[in-house]
Amino acid sequence: MTSQEPLNGFTGFNRKNTNFQYSRAFEEAKSAGKKPLEQERIDAIEETDRRWAWMEIDLSAIRHNILEARRRMRPGSQLCAVVKADAYGHGAERVARTALNAGAEMLAVATVDEAVELRRAGISAYILLLSEPPIGAIDLLLGYQIVPSIYTVEFALAYAETADLHGLRAPYHLAVNTGMNRIGVRAEDIVEFLRQVNFHRALDLQGTFTHFATADCPENLDFNIQVNRFTETINAMRTAGIDPGIVHAANSAALLRYPEVHFDMCRLGISLYGFHPCEETRHLVNLEPAMKVLARVTDCKTVPMSEGVSYGLNYRSPGSVKICTVPLGYADGLNRALSGRVNFILDGQYCRQVGNICMDQCMFEVDLRTYGTRQRLNPQIGDLVTIVGKQGDAVTTITEMAYTLHSIEHEICIAFSHRLPRLYV
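No experiment lies behind these values; they were computed from the predicted model shown.

Per the counting criterion, the structure on display carries 13 salt bridges. A salt bridge links Glu68 to Arg71; the shortest N-O distance between them is 2.2 Å. Remark: Arg71 and Glu68 occur in helix H4 (residues 59–72); sequence separation between them is three residues, near one turn of the helix. Connected via shared salt-bridge partners are Arg51, Asp332, Asp360 and Arg419.

This is how it looks when you write it as C-alpha cells:
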C-alpha cells in the first residue's frame with residue numbers, strides 16, 4: 001500500500017479505485033438512445049415521496065382558535081397573533097396570513113429576521129418585535145417597517161436619530177417590567193425613562209405592554225401584583241400627559257382567564273395553535289390542535305424472542321410481535337427521552353414505541369396475538385402511522401409528550417419543525 005492509498009474509514013481496508021462517473025454514465029445512456037431524466041420532473045417529486053415522514057398543519061384549526069379567542073375578548077380589544085419561532089413550528093407565513101384573514105389586527109415575532117422573512121413574503125401587516133434588538137439592526141427596522149420594543153435610553157435615541165436622518169418616524173412599544181424581570185423598564189421608573197427620550201421628535205410611542213409570569217398558574221397573588229403595577233404605570237403616564245398608545249398585557253392564559261386585563265389588545269400565542277396554556281382553561285374554551293405528525297412504515301420484521309431492538313438493545317422482543325420502523329427520529333423533534341414512553345397509532349390501534357429513538361428513525365411494536373374482539377394487525381411497508389394526531393378513535397397528543405417529559409407544548413411542537421416538511425390542509 002502506498003501513502004497515496006488512504007484506508008476506508010469503516011473497514012480499515014484500502015479504498016477500491018473505481019472510474020465510475022455519473023456524468024459519463026449519463027452521456028453513454030443518452031448516446032445509446034435511453035430517455036434521460038428530466039430535471040424539472042425530478043425536482044417536482046413530492047416531499048412525502050422523498051421521505052415517509054411529515055407534518056400536516058390544519059389551517060381551519062388556526063381560524064377556529066382565533067374565533068374562539070375573539071368570542072372571549074372584551075369588545076373593542078384587538079388581537080395580536082404571535083407567530084414567533086416560525087409560528088411555534090407551524091410555519092410563520094401561512095399561519096400569519098390565516099390569522100390576519102381570520103381577524104387578527106397585528107403580528108408579533110421575537111427576532112428581526114423573523115419579521116424580515118414575513119415582509120419578504122409580501123405580508124404588509126403591522127409587525128411588533130417583542131424585544132429590543134441590537135443597535136446595528138436599526139436600519140432593518142426602518143427599512144422593513146418593523147416596530148421594536150424599547151427599554152433602554154441608548155437604543156431609543158439611536159433609533160430616533162437614524163429615523164430622523166432619513167426623514168422617518170421611529171414607532172415603538174414600551175416594555176414595562178412589572179415583576180417577571182426578563183426585559184423592560186421597571187414600572188416605577190417609566191415616567192422618568194420617558195422624560196429622557198420623549199424630547200426626540202422622531203420617536204413615536206405606539207404601545208405600552210407588560211408580560212405576565214404566572215397567568216397560567218392556579219394561584220394568582222403574583223399575577224394580581226403585576227396587574228396592579230401595570231395599571232398604576234399606565235395611570236402615571238396619563239397623569240404626566242403621556243399617551244401610552246395601545247395598552248396590552250394578556251397572553252393566552254390571561255386572555256382566557258382574566259378579561260379585566262384585555263385592555264386594548266390581547267396577544268394570542270400558544271392557544272392560537274390549539275394548546276391550552278393551563279389546566280384551568282380546559283373547561284373554558286374548545287381549542288383544536290393544528291399540527292399532526294405522520295409517517296409510513298419503512299421496514300417490518302418478526303423479531304425472535306429475547307432479541308434486542310435499537311441502540312443499547314434495551315428492549316427485548318417478547319415474541320409474537322412485529323417490529324416496524326418509521327423514518328422519524330430525534331433530529332425531527334421526536335425527543336429521545338420519549339423512548340419506550342409513547343404510543344403510535346396504526347389502523348386505529350395504539351402501538352407501543354420500543355427501543356431507543358435514533359436520530360433519523362425509530363421502531364414500534366405490533367402485537368400479533370388476538371385478544372377477544374381486538375382486531376389483529378398485519379403491518380406492511382407503506383402503512384400510515386400517526387405519531388401525533390387522531391386516527392379512528394385513538395389519539396396521541398403533543399400535550400401527552402410534554403407531560404411525559406415534564407416540559408411544555410411550546411417546546412415539543414417547535415422541535416418537530418426542525419426537518420419535517422409541512423403540508424397545509
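Here the narrative resumes.
Within the span of helix H7 (residues 112–120), buried status applies to Val112, Glu114, Ala115, Val116, Leu118 and Arg119. Against the buried residues of H7 lie helix H5 (84–88), helix H6 (92–101), strand S3 (106–109), strand S4 (127–129) and helix H8 (138–143). One or two steps after H7, the chain reaches Gly122, where phi turns positive at roughly 90 degrees.

This part is about the nonpolar core. Tyr159, Leu194, Leu334, Phe364, Ile387 and Phe416 are the most contacted members of the largest nonpolar core, which has 121 residues in total. When residues in this core are grouped by element, the largest group, six residues, is from helix H9 (residues 153–165). Not counting residues within four places of it along the chain, the set of residues in contact with Phe364 comprises Val297, Lys322, Ile323, Cys324, Val326, Phe344, Leu346, Cys351, Arg352, Gln353, Val354 and Val385. Judged by nonpolar contacts, the second largest core, of eight residues, contains Val303, Val321, Val354 and Cys358.

Burial analysis of strand S1 (residues 53–57) places five of its five residues in the buried class, which makes it a mostly covered element. For S1 and strand S11 (residues 291–296), the ladder comprises five bridges, and the chain directions are antiparallel. Its bridge partner being in S11, Met55 is matched across the sheet by Val293. Here S1 pairs with strand S21 (residues 422–424) via three bridges, running parallel. Along S21, the bridge assignment pairs Met55 with Arg422.

Criteria and cut-off values
Residues numbered from 1 in each chain as written. Predicted model: local features only at pLDDT ≥ 70, side-chain atom pairs only at ≥ 80, totals over all residues. Heavy atoms only, no water. Salt bridge = Lys/Arg side-chain N within 4 Å of Asp/Glu carboxyl O. Helix = DSSP H or I, 4+ residues; strand = E, 2+ residues; numbered from the N terminus. Buried < 20%, exposed > 50% of the residue type's maximum accessible area, 1.4 Å probe, protein only. Contact = heavy atoms within 4.5 Å. Core = buried A, V, L, I, M, F, W, Y, C linked by side-chain atoms within 4.5 Å. Pairing = 2+ DSSP bridges.

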